[in-house]
Amino acid sequence: MSIKKNEIDFYKKNGYLVKANLIPNKEINKINKLVKNIITKEKNKKKKIKNQGGTQSYKNYHFVYNSNSNKNKQILRLNNPQNRHKMFFNLSRNSKIISIVKKLIGGTVRFHLGKLNFKLPDKKGGSIGWHQDWAFYPHTNDDLITAGIYLEDCNKENGPVKVIPGSHKKPILNHHGKDKNFAGMINTKKSKINTKKRVTLTGSSGTVVFFHCRTIHGSGLNYTSNNRPLLLFGYR
């Protein structure tokens, strides 16, 4: 699948692009069935949780939880699902997605990493502070892009992704807290970021959003009772 010049120009100007219904419902339904089986199996395990599951590397496959408790186990993320499940692997190499990524960053494309996030209801999932992805995996260049695949309808009630248009043209901002430790978020007042310019990226299941690694983005609370999933693939 190709994209039009005006879409490429839009991405270059704003740092993001939304492609509605890029992945067919039939494929999304199969993925959601797999996700349900994976989560059910993991929640039934009795193993002890340490450090909320640990941190992500580029090769590991593991779950991240909202606490170390086995009671009412809540999963926040599955890192690198494509490493163990062929359906995710195939989707990460989806010809439509790869074609668009090639047009947006230019040249050849290399897969970087994947993760399946779950936006838990209300304060359990919390809001995701404004940040730039580059701060989490710095490179010598910034032609990195994230593709976010909506496995369910994403609306203003279930904590959708929000972006600041044009913010990818800004420098890499400070993501450290007052204690000088990495906080994974930007102090928008100190960095003089006008969050009133934010755009909410809503869409139906099968929609794919693309955003630059320097685009400032975050998400609000999920006010529904559902653990809203979002599948993310990074490319460079």
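Residues numbered from 1 in each chain as written. Predicted model: local features only at pLDDT ≥ 70, side-chain atom pairs only at ≥ 80, totals over all residues. Heavy atoms only, no water.

Considering the side chain of histidine 212
Move 1: Of note, histidine 212 is situated in strand E9 (residues 208–212).
Move 2: On the basis of relative accessibility, which here comes to 11%, the residue histidine 212 falls in the buried class.
Move 3: Of the polar contacts made by the side chain of histidine 212, one reaches the backbone nitrogen of arginine 214; its length is 3.0 Å. (Helix = DSSP H or I, 4+ residues; strand = E, 2+ residues; numbered from the N terminus. Buried < 20%, exposed > 50% of the residue type's maximum accessible area, 1.4 Å probe, protein only. Polar contact = N/O pair within 3.5 Å; in protein donor to acceptor, adjacent residues only side chain to side chain.)

A short note on the pattern of salt bridges
Move 1: Scanning all chains against the criterion turns up 3 salt bridges.
Move 2: Among the ionic pairs, glutamate 42 bridges to lysine 45, the shortest N-O distance being 3.5 Å.
Move 3: In this structure glutamate 42 comes out as buried when scored by relative accessible area, which is 2%.
Move 4: In this structure lysine 45 comes out as partly exposed when scored by relative accessible area, which is 37%. (Salt bridge = Lys/Arg side-chain N within 4 Å of Asp/Glu carboxyl O.)

Some details on the packing of aromatic side chains
Move 1: According to the stated counting rule, one finds 4 aromatic pairs in the structure shown.
Move 2: Summarising the aromatic geometry, the rings of tyrosine 61 and phenylalanine 63 are spaced 6.0 Å apart at their centres and angled 85° between planes, so their arrangement reads as edge-to-face.
Move 3: On the basis of relative accessible area, tyrosine 61 is assigned to the buried category, the value being 16%.
Move 4: By relative accessible area, phenylalanine 63 is classed as buried at 8%.
Move 5: Within the aromatic cluster, the residues linked to one another by ring pairs are Phe111, Phe233 and Tyr235.
Move 6: The ring of phenylalanine 111 has arginine 93 sitting right over it, with the charged end atom 4.5 Å from the ring centre. (Phe/Tyr/Trp six-rings, centres within 6.5 Å; stacked < 30°, edge-to-face > 60°. Lys NZ or Arg CZ within 6 Å of the ring centre and 35° of its normal.)

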